[in-house]
Protein chains: 4
Amino acid sequence: MSTAASRPQLAISERFHAARCRTQALCAPLTPEDMMVQSCPEASPAKWHLAHTAWFFESFILSEFLPGYRAFNHEYSWLFNSYYRSFAEFPEKKLRSSFSRPGRDEVVRYREHVDEGVARVLEVNPDTEVLRRVELGVNHEEQHQELLLTDILNAFFTNPLRPAYLSAGPCCADERRASAPGHVEFSGGLVEAGMSGSGFCYDNELPRHRVWLEPYALSDRLVTNEEFAEFIADGGYERPELWLSAGWDAVSQNRWKAPLYWSKRSGEWSLFTLRGEMPLNLMTAAPVSHVSYYEADAYARWAGRRLPTEFEWEAAAEGQQACGNLMDSGMLMPAPAESCGAQESATDEGIRQLFGDCWEWTASAYLGYPGFEPLAGSLGEYNGKFMSGQMVLRGGSCATPQAHIRSSYRNFFGPETRWQFSGIRLARK
Amino acid sequence: MSTAASRPQLAISERFHAARCRTQALCAPLTPEDMMVQSCPEASPAKWHLAHTAWFFESFILSEFLPGYRAFNHEYSWLFNSYYRSFAEFPEKKLRSSFSRPGRDEVVRYREHVDEGVARVLEVNPDTEVLRRVELGVNHEEQHQELLLTDILNAFFTNPLRPAYLSAGPCCADERRASAPGHVEFSGGLVEAGMSGSGFCYDNELPRHRVWLEPYALSDRLVTNEEFAEFIADGGYERPELWLSAGWDAVSQNRWKAPLYWSKRSGEWSLFTLRGEMPLNLMTAAPVSHVSYYEADAYARWAGRRLPTEFEWEAAAEGQQACGNLMDSGMLMPAPAESCGAQESATDEGIRQLFGDCWEWTASAYLGYPGFEPLAGSLGEYNGKFMSGQMVLRGGSCATPQAHIRSSYRNFFGPETRWQFSGIRLARK
Amino acid sequence: MSTAASRPQLAISERFHAARCRTQALCAPLTPEDMMVQSCPEASPAKWHLAHTAWFFESFILSEFLPGYRAFNHEYSWLFNSYYRSFAEFPEKKLRSSFSRPGRDEVVRYREHVDEGVARVLEVNPDTEVLRRVELGVNHEEQHQELLLTDILNAFFTNPLRPAYLSAGPCCADERRASAPGHVEFSGGLVEAGMSGSGFCYDNELPRHRVWLEPYALSDRLVTNEEFAEFIADGGYERPELWLSAGWDAVSQNRWKAPLYWSKRSGEWSLFTLRGEMPLNLMTAAPVSHVSYYEADAYARWAGRRLPTEFEWEAAAEGQQACGNLMDSGMLMPAPAESCGAQESATDEGIRQLFGDCWEWTASAYLGYPGFEPLAGSLGEYNGKFMSGQMVLRGGSCATPQAHIRSSYRNFFGPETRWQFSGIRLARK
Amino acid sequence: MSTAASRPQLAISERFHAARCRTQALCAPLTPEDMMVQSCPEASPAKWHLAHTAWFFESFILSEFLPGYRAFNHEYSWLFNSYYRSFAEFPEKKLRSSFSRPGRDEVVRYREHVDEGVARVLEVNPDTEVLRRVELGVNHEEQHQELLLTDILNAFFTNPLRPAYLSAGPCCADERRASAPGHVEFSGGLVEAGMSGSGFCYDNELPRHRVWLEPYALSDRLVTNEEFAEFIADGGYERPELWLSAGWDAVSQNRWKAPLYWSKRSGEWSLFTLRGEMPLNLMTAAPVSHVSYYEADAYARWAGRRLPTEFEWEAAAEGQQACGNLMDSGMLMPAPAESCGAQESATDEGIRQLFGDCWEWTASAYLGYPGFEPLAGSLGEYNGKFMSGQMVLRGGSCATPQAHIRSSYRNFFGPETRWQFSGIRLARK
């Protein structure tokens, strides 16, 4: 990752505290019991997110860089390791919901203990590597903030009482219609991809390198719920010719008939959101979300289009202003193009909803860039070892912290994954 | 089940309140998070036990017999149904750990609502069927008290921190040695089996009927930890000729090497109990517990013995005084024969540890008695529909409420089950 | 098993040759490719049956009792072992269909080699144990003859071309109607069960012992296809209250809607048999076959009856004349009661179809009799190690060799098993 | 695919007959029983390959383009469909080993019937589309020739008798040592990839398009058995840090310890080949084969190298002469670099073993080229629908027909696949 060396330790200290506070603030609407739920294989309990993000600072910074640091509890180094094999073995992921102890309060104390340690190390040992790692830890914390929201959405969806994480807000009443679908042409050619400049990025965004692109066009907005409902009504989930072979297997085995959080009740679609169950208003411009790569790909085939590659997307997005996190602006669902467009100050002709609405599935497999070098040591397991079987998503969703959104960011999930805020942008030749 | 008609409604009301209080008392050492854990397929979260036992009274009594009863929450009739198909569908068992809402406090309010209802129905409508069902509900509650303890033991064992449900008590220091193995002869012949008399029993204990027994002998105490350790040391888990075919498959697939809660640390066995992890003291008379039918059967074959049938056991136990619940007497582990023997006032020659130590696997499959009639209606699903693929256990364990122990009681589990307090008594020709 | 000591070696030699020839005769309609198919987990390829039955004589007799015996191929001692762990490991059952070599012709040579060996050992070493084991081997061979037929029926059913093992015969045209359902009363009391007399039996039929039976009645014939079709038409497969809990799980997971070889085509049932696919003529007295224990149990509950125990069945059947094998008399399907009744010389009042129609599911779990002793050594694995999780069937089917049918015979399969010719007799009170 | 229009129908007719004959010649060493085996999920029985390749011509040519064509057997249109959903449903792949009928001879008659049909259509209706489809069918036939060999290798490996497909040949004695590892530098830049010129290719090799490559180097030969044995000896299969996360899961679950056909016997490696089991001579230059993508990737990481992308490989291979099929030259194993090098007339400095030794795993996921258009209609299912979850392999193996080898050819398998002749070429920055 690129260095944070030019930033003063003060700034990083403030970012650290802000991030740590925000994680706990996200837990405010949750009961201790809510924080235990692990409702799908992709998800973790909220309490585990709280503890694991502390573990990350403890394991990668305090143990190594804070002289005389005393572990809060030696067992935690094992208990809250997610997947770093170079440390030691770790508990099977599915066991996370069995760990009632330590309880939430104890985990909060663990966090405080770690917070004090990080404050001290920034005081006594603010060398470049420490600053670099604190910055990485802050970004790691932000990733888990997003996961915490997607996981709690799934947890509450699994509960037949369908509780709401937050009460219904003003955005729910946003009833603007979608604009007619348009597109923006790009000339392609030899472009550069990957992080440039001095800001933070992950190792998998580097090195910046050249890519050849043929001319292409991207839709100027995401596919809407209404458009996706047309796909369903046209038998989209019943026509194998629209699907990849593995996608059709997924449809058949999981009996998919709609995006993850859609339910049909008395002939009408309803949608489950962090604000609870609500009628799915097809009249608005809200983009479809919680679809898998397979569904995105099938939709594109049905529409006579294709998905963009990650490099087509990045070339179009580079230089665009990343919009604010919808969560922080009181929203909790992918927003109509116009509302986010406002934040992006997009003109009518421009490309909209690039950032902070839905992660956009791309047609690119998640692989290392030419010359990719994972971080040294255990941190090398952060990203590199997942480079098989996954597809790249770009742009960030309404649950992504604003600081975490940039044009070079590469998210990645298996093609069957639906629990993220993941949507569709179309491309064409 | 036999009728409670001769008992006054006052007595049942007192038993009802005692049982309801005891369930909640058992939860006192648990945090809200502990009450969410479901750590093996056989187990349920403690909070679910709290709610389901309320559901039972609501569904089988209040809905039907209390005029004007208002459900606490209509969703609960679905949410806390365990397996009664005649009511409606119910959630998959494995989802129970996903139900963070209603939280513990809400469940306690649900229980209070139901308690008031039961108090009223006993006042306004104390007819025979109501009394009979309240008595059944009390017994159902007692079954779940036992399950709650076995489930929390498993939950805490699954947690690598190995928390203790209760602090170590005096019983842990009981170091009496086991007596030499003896046996008691029985002449068999035409005996009667099944509940007699006027007390409560389940439908599967009826009708009382005649059974022919050849002469047999039973060990006068349970197999001890020390004896079972000899089986292990003699390669018991590595010799297929000692095992049923399905048992050997279970050993191989699950890599069983010892009873469920035994662990080997630095060459010494330790034992996980409701009082936490402790060294396994092989010098005491404590019986081996948490073995499957397969292990009990293999041990018996290794020892040149066999397991008793349920009728051999019942004929030997009938007329014996059931001992008190060890839990209530401050114990939380299967006790040495002598300590429980004292409660049973067994003489040196008598048969000991029949009641309240470990459930004893028998060589009998769980099937209906000749002339078996399940209860009418939905309650018929209570016992009868499980009459395939399970073996009968007799006697009751240290986690079984005293009122729930009797010689005709038939417990039943699949032959691979180990999470119960289940042990071994040998028989021979 | 009881001894064959009183029989001359000549007789056993003749029985040996007859059995060996019959096995190969059963393969006559099969191509080498047919003999490779293993179409369900319960089944084995026909070629494997040919080879394994030779292996049995080689392993239990020739290796031990024929001085100077040279193995045909040392690898076969491993390759064709079914499940005898005391010899050595053996191939996973599902691999049997991968063994193209040795080919059929080589297996036939192996059989000839073994036949010569058995002829020699009967000449040079005809001691009691040899005679006993040859008799056991002949019975083993007969069991595999039956399995070969049930396995090839499944193999041809799995093939969408639905080939026929034999051409349609006269029995297919038997259109006699079933008699009205009647029953025969039995007084019960203290009866004896298990093999008596000097004939061959397996270890699991011994010792003969006393059993107490309450008075009971058995249907005088098996449940017919027509009666079972009424159960289906009455929603039998859609009503959970009729089923054991594990049975309902089996119905749901396997989507059972009818017995195994029934198919619905254009609204009419057709039946797949060893004579190929044919319309299911509900007007005849033919018994329903290829149902699981779960289906038999659910049918009985629907009919307001129950299944008999194995002891009720045996007490009724003892002394009855076992009828001839329907296969040898040119039949290949469970026959109407009257046709087999003729062979049994049953009077109108008597109980019919006890032998040689369908195996009859009983309400008894397969367990050892009091005092059960498995055969010594490796042969002890023949029956005893399967005594868990299975139900007893009695009577023998149309595919059972006549010599293999007797009133004390205990067949056993898991309750979900349907590939055998297994049917239903009802009991009451 | 590109057109064959410029070729006369005579030439295609000859190629057709040659291909059809070769398929059956490959079956000459097989018994009817061998042709039934399906020993791993990737494989199909040899008889099925025989039939399916006939089905392909019948379904895509005769049914559509031969007036008055009469199907050999209407059931076959369903029975031998592999995965073309647009025709109709098809049997589950795993059932293929259950289809004993039609037998081999009948399948050969089916092939003759289809051969006559193709001869006629080439006579009466030799239009461009027919020629194009016959050419595609010939290429399809060649693909199945290769699969037939890889499948029979697995079938014979699964058989504990370890039969040999062919007798040991001269190549087995080739004991030349490997050359020291060298590499060849490439300057990269803007290159073209994909089929050019007028020859046959699949739709997934088109369109030819531009790709930007950074400078890179490729090893001048494949990784040898000896080199891979060093990886094993260095704990390669026990060090999670060398593996992708999914790769480590595969190692753990499948207990991989070496390439697929390596076995350790008395401390020495032996290798199973189409010529039977033989000692693995590590002293020769023979390349390692039958490794998964995960193993290739881990080996490269261990060696401090990486795998090439498919475009790096293609740019290096374009213009090189594809060598002859080793099978046809009497070889049946990946050959030492020199022997194949001779065929390639490579100089000492050149890159060797590009074609016809082992398929080479590349670091590229199998995805469509920019502007990819699947064939119209059902044929569009040939390649396109598999574009997820698979990695590209390049070059062709010793089992690949010579006519099937070219620099633009893209083979593809899941990253866990090992039953193909798949090996490793290293790349570096």
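Residues numbered from 1 in each chain as written. Chains lettered and ligands numbered in written order. Predicted model: local features only at pLDDT ≥ 70, side-chain atom pairs only at ≥ 80, totals over all residues. Heavy atoms only, no water.

As for the relation of the copies chain B and chain C
Rotating chain B by 180° and translating it 0.0 Å along the rotation axis places it on chain C, where the RMSD comes to 0.0 Å. As the rotation angle and translation indicate, the two copies are arranged about a two-fold axis. Interface residue correspondence from chain B to chain C reaches 100%, placing this contact among same-surface, isologous pairings. (Least-squares fit on C-alpha atoms with pLDDT ≥ 70 in both. Contact = heavy atoms within 4.5 Å.)

Examining the packing of aromatic side chains
Evaluation of the coordinates by the stated rule reveals 169 aromatic pairs over all chains. Their ring planes at 75° and their centres at 4.8 Å tell us that A:Phe157 and A:Tyr261 sit as a pair that is edge-to-face. Remark: A:Tyr261 occurs in the loop between helix H7 (245-254) and strand E5 (262-265) and A:Phe157 occurs in helix H5 (residues 128-158); sequence separation between them is 104 residues. Using a relative accessible area of 16% as the deciding quantity, one classes A:Phe157 as buried. Residue class for A:Tyr261 comes out buried when judged on its relative accessible area of 0%. With a centroid separation of 6.4 Å and 50° between ring planes, the pair formed by A:Phe231 and A:Trp243 is classed as tilted. Residue A:Phe231 is located in helix H6 (residues 225-233), and its partner A:Trp243 is located in the loop between H6 and H7; the two are separated by 12 residues in the primary sequence. Classification of A:Phe231 by relative accessible area gives buried; the value is 0%. For B:Arg162, the ring lying beneath its charged end belongs to B:Phe272, and the centroid distance is 5.7 Å. Across the ring face of D:Trp48, the terminal group of D:Arg96 is positioned such that the distance to the ring centre comes to 3.6 Å. (Phe/Tyr/Trp six-rings, centres within 6.5 Å; stacked < 30°, edge-to-face > 60°. Helix = DSSP H or I, 4+ residues; strand = E, 2+ residues; numbered from the N terminus. Buried < 20%, exposed > 50% of the residue type's maximum accessible area, 1.4 Å probe, protein only. Lys NZ or Arg CZ within 6 Å of the ring centre and 35° of its normal.)

Structural notes on the interface of chain B and chain C
Across the boundary between the two partners, chain B contributes 25 residues, which contact 25 residues of chain C. Roughly 2000 Å² is buried in total at the junction of chain B and chain C, and carbon and sulfur atoms are behind 63% of that figure. When the area that chain B buries against chain C is broken down by residue, the three leading residues are B:Arg85, B:Arg210 and B:Trp212, summing to 27%. Seen at the junction of chain B and chain C, the total is 4 salt bridges. One salt bridge in this structure joins B:Glu214 and C:Arg210, with 3.4 Å as the shortest N-O distance. Inspection of the chain B/chain C interface yields 4 residue pairs in polar contact (both at pLDDT 80 or more). Looking at the side of chain B that touches chain C, the elements that each hand over two or more residues are strand E3 (209-213), helix H7 (245-254) and strand E8 (359-365) of chain B. At 4 residues, H7(B) tops the list of elements feeding residues into the side of chain B that touches chain C. For the side of chain B that touches chain C, the per-class residue count stands at 16 nonpolar, 4 polar and 5 charged. (Buried area = accessible area lost by both parts, 1.4 Å probe. Salt bridge = Lys/Arg side-chain N within 4 Å of Asp/Glu carboxyl O. Polar contact = N/O pair within 3.5 Å; in protein donor to acceptor, adjacent residues only side chain to side chain. Nonpolar A, V, L, I, M, F, W, Y, C, P; charged D, E, K, R; others polar.)

Things to note about the sheet that holds strand E9 (residues 391-394) of chain C
Residue and element names in this part refer to chain C. Spatially, 4 strands are ordered E10-E9-E8-E11 in an open sheet, and the strand pairing comes out mixed. In this open sheet, the two strands that pair with only one neighbour each are strand E10 (411-413) and strand E11 (422-423). Sheet analysis places strand E8 (residues 359-365) next to E11, joined by 2 bridges and oriented parallel. Looking at the pairing, Trp359 lines up with Ser422 of E11. (Pairing = 2+ DSSP bridges.)

Considerations on helix H4 (residues 104-124) of chain D
Residue and element names in this part refer to chain D. In a regular helix each residue adds 1.5 Å, so 21 residues correspond to 30 Å; H4 covers 30 Å between its end C-alpha atoms and thus fits that length. Turning to H4, its buried residues number three or more, namely Val107, Tyr110, Arg111, Val114, Asp115, Gly117, Val118, Val121 and Leu122. Projected down its long axis, H4 carries its buried residues within an arc of 165°, all on one side. Seen from the buried face of H4, the exposed residues on the opposite side, beyond 90 degrees, are Glu116 and Glu123. (Expected span 1.5 Å × (residues − 1). Arc of directions from axis to C-beta.)

Quick look at the domain arrangement of chain A
Residue and element names in this part refer to chain A. Per the domain assignment, the segments making up chain A are domain 1 (9-158) and domain 2 (183-428). Distance between the C-alpha centres of domain 1 and domain 2: 27 Å. If you look at the interface, domain 1 gives 31 residues, while domain 2 gives 32 residues. Taking both partners together, domain 1 and domain 2 bury about 2800 Å²; carbon and sulfur atoms supply 64% of that area. If you sort the residues of domain 1 by the area they bury against domain 2, Glu146, Leu153 and Phe157 come out on top, with a joint share of 24%. Taken together, domain 1 and domain 2 are joined by 0 salt bridges. Those elements giving two or more residues to the side of domain 1 that touches domain 2 turn out to be helix H1 (9-26), helix H2 (46-65) and H5. Counting residues per element, the side of domain 1 that touches domain 2 draws most heavily on H5, at 18 residues. (Domains from an automatic or database assignment.)

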